[in-house]
Protein chains: 2
Amino acid sequence: MAGIKDVAAEAGVSVATVSRVLNDHPSVSPAARARVVAAVAALDYRPNAVARSLRTDQTRTLGLVISDVLNPYFTALARAVEEEARALGYSVIIGNADERPELQDHHVRTLLDRRIDGLLMSPTDPGSGLMADAVRAGTPIVFVDRWVPGVEVPVVRADGRGAVADLVDHLLRLGHRRLAIIAGPAATTTGSERVDAFRDALRERGVALPDAYIGQGDFQAESGRRAAERFLALPEPPDAVFAADNLMALGALDAIRARGLSVPGDIALAAFDDIPWFVHTDPPITAIAQPTEELGRAAVRALAERIAGRVPPSLTLPARLVVRRSCGAPPPADQPHPQPIARRSDP
Amino acid sequence: MAGIKDVAAEAGVSVATVSRVLNDHPSVSPAARARVVAAVAALDYRPNAVARSLRTDQTRTLGLVISDVLNPYFTALARAVEEEARALGYSVIIGNADERPELQDHHVRTLLDRRIDGLLMSPTDPGSGLMADAVRAGTPIVFVDRWVPGVEVPVVRADGRGAVADLVDHLLRLGHRRLAIIAGPAATTTGSERVDAFRDALRERGVALPDAYIGQGDFQAESGRRAAERFLALPEPPDAVFAADNLMALGALDAIRARGLSVPGDIALAAFDDIPWFVHTDPPITAIAQPTEELGRAAVRALAERIAGRVPPSLTLPARLVVRRSCGAPPPADQPHPQPIARRSDP
DNA sequence: CTGAAAGCGCTTACAG
DNA sequence: CTGAAAGCGCTTACAG
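Residues numbered from 1 in each chain as written. Chains lettered and ligands numbered in written order. Predicted model: local features only at pLDDT ≥ 70, side-chain atom pairs only at ≥ 80, totals over all residues. Heavy atoms only, no water.

Chain A goes by LacI family transcriptional regulator in an unreviewed UniProt entry, where it is assigned to Streptomyces corynorhini.

Asks: Residue-level account of the sheet that holds strand β10 (residues 286–289) of chain A, with values.
Replies: Residue and element names in this part refer to chain A. The six strands lie next to each other as β7-β6-β8-β9-β10-β12, forming an open sheet whose pairing is mixed. A strand with exactly one partner marks an edge of an open sheet, and here the two such strands are β7 (214–216) and β12 (320–322). Sheet twist, expressed as the mean angle between neighbouring strand axes with direction ignored, is 20°. Relative to strand β8 (residues 240–243), strand β6 (residues 179–183) runs parallel, the two being bridged by four bridges. Bridge pairing in β8 links Leu179 to Ala240. Of the strands in this sheet, β6, β7, β8 and β9 (268–272) touch helix α9 (residues 189–204), which is tilted by about 170° from β6. Each of β6, β7 and β8 touches helix α10 (residues 221–232); the most contacted strand, β6, lies at about 150° to it. (Pairing = 2+ DSSP bridges. Helix = DSSP H or I, 4+ residues; strand = E, 2+ residues; numbered from the N terminus. Axes fitted to C-alpha atoms, helices over the stretch in contact; angles between N-to-C directions. Contact = heavy atoms within 4.5 Å.)

Asks: Explain the domain arrangement of chain A to me, and be specific about the residues and the numbers.
Replies: Along its sequence, chain A is organised into domain 1 (4–47), domain 2 (58–156 + 292–316) and domain 3 (161–290). The centre of domain 1 of chain A, based on its C-alpha atoms, is set 62 Å off from the matching centre of domain 3 of chain A. (Domains from an automatic or database assignment.)

Asks: Which residues make up unusual backbone geometry, and what values do they have?
Replies: In most cases, non-glycine residues show a negative phi, while peptide bonds are predominantly trans. Cis geometry marks the peptide bond from Val263 of chain A to Pro264 of chain A, where omega comes out at 5°. Examined against the element boundaries, Pro264 of chain A turns out to sit in the loop between α11 (246–258) and β9. Of note, the phi angle at Arg115 of chain A is positive, near 60°, even though the residue is not glycine. Its identity as a non-glycine residue notwithstanding, Phe219 of chain B has a phi of 75°, on the positive side. Relative to the elements of secondary structure, Phe219 of chain B occurs in the loop between β7 (214–216) and α10 (221–232).

Asks: I'd like a description of the interface of chain A and chain B, backed by residues and values.
Replies: Interfaces are often described in size by the accessible area the parts lose on coming together. With 65 residues of chain A at the contact, the number on the chain B side is 65 residues. Buried surface at the junction of chain A and chain B, both sides included, amounts to about 5700 Å², of which 58% is carbon and sulfur. A per-residue breakdown of the area chain A buries against chain B is headed by Arg115, Trp277 and His280 of chain A, which together make up 14% of the total. Applying the counting rule to chain A against chain B returns four salt bridges. Residues Arg79 of chain A and Asp98 of chain B are paired through a salt bridge, measuring 2.9 Å at the closest nitrogen-oxygen approach. Applying the counting rule to chain A against chain B returns 21 residue pairs in polar contact (both at pLDDT 80 or more). When residues of the side of chain A that touches chain B are traced back to their parent elements, those giving at least two are α4 (49–56), α5 (72–87), β2 (91–96), α6 (101–113), α10 and α11 of chain A. (Buried area = accessible area lost by both parts, 1.4 Å probe. Salt bridge = Lys/Arg side-chain N within 4 Å of Asp/Glu carboxyl O. Polar contact = N/O pair within 3.5 Å; in protein donor to acceptor, adjacent residues only side chain to side chain.)

Asks: Can you explain the protein's contact with DNA strand C? Please cite residues and give values.
Replies: Residues in contact with DNA strand C amount to 25 residues; listed here are only the nearest, Ser19 and Arg55 of chain A together with Arg20, Ser29 and Arg55 of chain B. Restricting the count to atoms of DNA strand C within 4 Å of the protein gives a sugar and phosphate share of 63%. Between DNA strand C and Arg20 of chain B, the relevant distance is 2.4 Å, taken from a base oxygen to a side-chain nitrogen or oxygen of the residue. Between Ser29 of chain B and DNA strand C, the recorded distance is 2.7 Å, taken from a side-chain N or O atom to a phosphate oxygen. (Near = heavy atom within 4 Å.)

In structure tokens, the structure reads:
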């Protein structure tokens, strides 16, 4: 593979001059520039990004550590992140933590070793202190979606409190009274916040949330299934279940169906996170939709700010309730196709 | 951030010795090793992977270019790839081509510039010759799922011919006679192969496949919707539609529903690629399942072979038909939950 | 077993 | 405008 020396030789200039035209440095004569450009084309030369990074101390690379690539929410987030990053001239390396703290640590460490310019994290876990160390060492970091209390880093996330309250109203209006929730891991902010929001909304409306109606999940389908099975085995099972993410909703639906029960006839079901498939499940599932794409883009912009040495503020965008039929309501009359299906943001 | 020199100073040895213990070189005295280990811990030293890569000319990084991250099939593939790669000591950088040739080129160029050790591709497009150039230049490459004819590279993929024939039999047995297909882009191998397999299976069974029954899609939901709308507007619409991927099936389902028609009552629907949600759509969708995880792992192993200078053979694994209710058949009696839902492969 | 030194492929003051 | 040279943080023959 041709190196900068080959190009210099071919163009009859020094490597310094080649480097200057490569980096659009102004002080290069038109003649020299032309010869270099021709040599680059002739040799099909491509600068070695590794060498360049070592010299300039920047990799033009961002790290993104997400909790689960198989979750459509994170996949949509990752896509938006990559798009905005590309627009700003960055590549992004995704690390999939699979909701496993050790794997998360592995990825953070690897990313740091590779000297990424900045790190975007949706932490699975408060972690081993690795993140705190990185912050202290000056690595630009911003949290997206989930965050770690106590780690002083900007966070870009959705606020689901309003939407959760809307959901509770919706459920009560439809006559449900025994409302249960399948929570995410308490170690994650989204795990605890969603339960808190649900519990608070219930209390404000004079409804209790017994412990037996709080299922402990881990944001994976299998845990949703188990939690739902436990609910259904109760002497007095809930008449509505709210799953704190889409995968646990999938598992719950599976468990309910396996028991021969129907949604929403026997039990209502709703989920946090909206995904295209919810339009076509049986029945279509009422969900709380996050502004995922905006979150991803805003997080990248905030990280770019941090890299530039500025201190971007945290940002919270509202989530919203999308009513479908899984809680018993007829779909709103003005929505012939309840929700637009997966559409690209570009043509 | 501490460098190797700081460690050397702290341990009272040369950087060469530090490097040796870092790389587990045998000829280091136990005493020196101990001092270095202590210094590394004291300074919280982590070797700079960029510098190491420049020196050793290997990045221990694999590139993976997929066609669409929002497609659960590719997301599952990417996860398997990352897992196997990690087991072999590699990181993987994913590039999402979004089914756009220019984006695909952008990613392979970026990956090449970063001097990845090898490239795994599921090409969106035969491409601009970039891949052929890379092969000629000696970059280890292997194709997964899709490939480019004429580019001499090992390919790891699934063979759907048998499963497609099984599907056609299934459809005919249920009384469907006007079978249509929503194809992927003809520029992709999976786009053309699936139509060919379908057409051949029909011909062998004496059934014609009129041009009007071949919808042209692009593997995106929206194109599936449009193709289905066109089918339904035909004087004699098909009574069964086979979508060549899961996203187009989603779009088709949307279009059929919007028209007030029912599946399978009015029209049967099947898809290539099985995903967890198909169990819970209304109705559950009959699909052709690929051994996705095996494909991802096998592809990484093949790439590692190539990197090691060997020439791994291409590999083709069979896909299989998973019957559910979208074509009109009752679910097999021995399958209470038709398919296991999304389960992790690890505990 | 150990260290001094060269070198990976670039960029960038510095001098001219 | 241009080039010689230093240096980014490592690894690895080479000599001892």
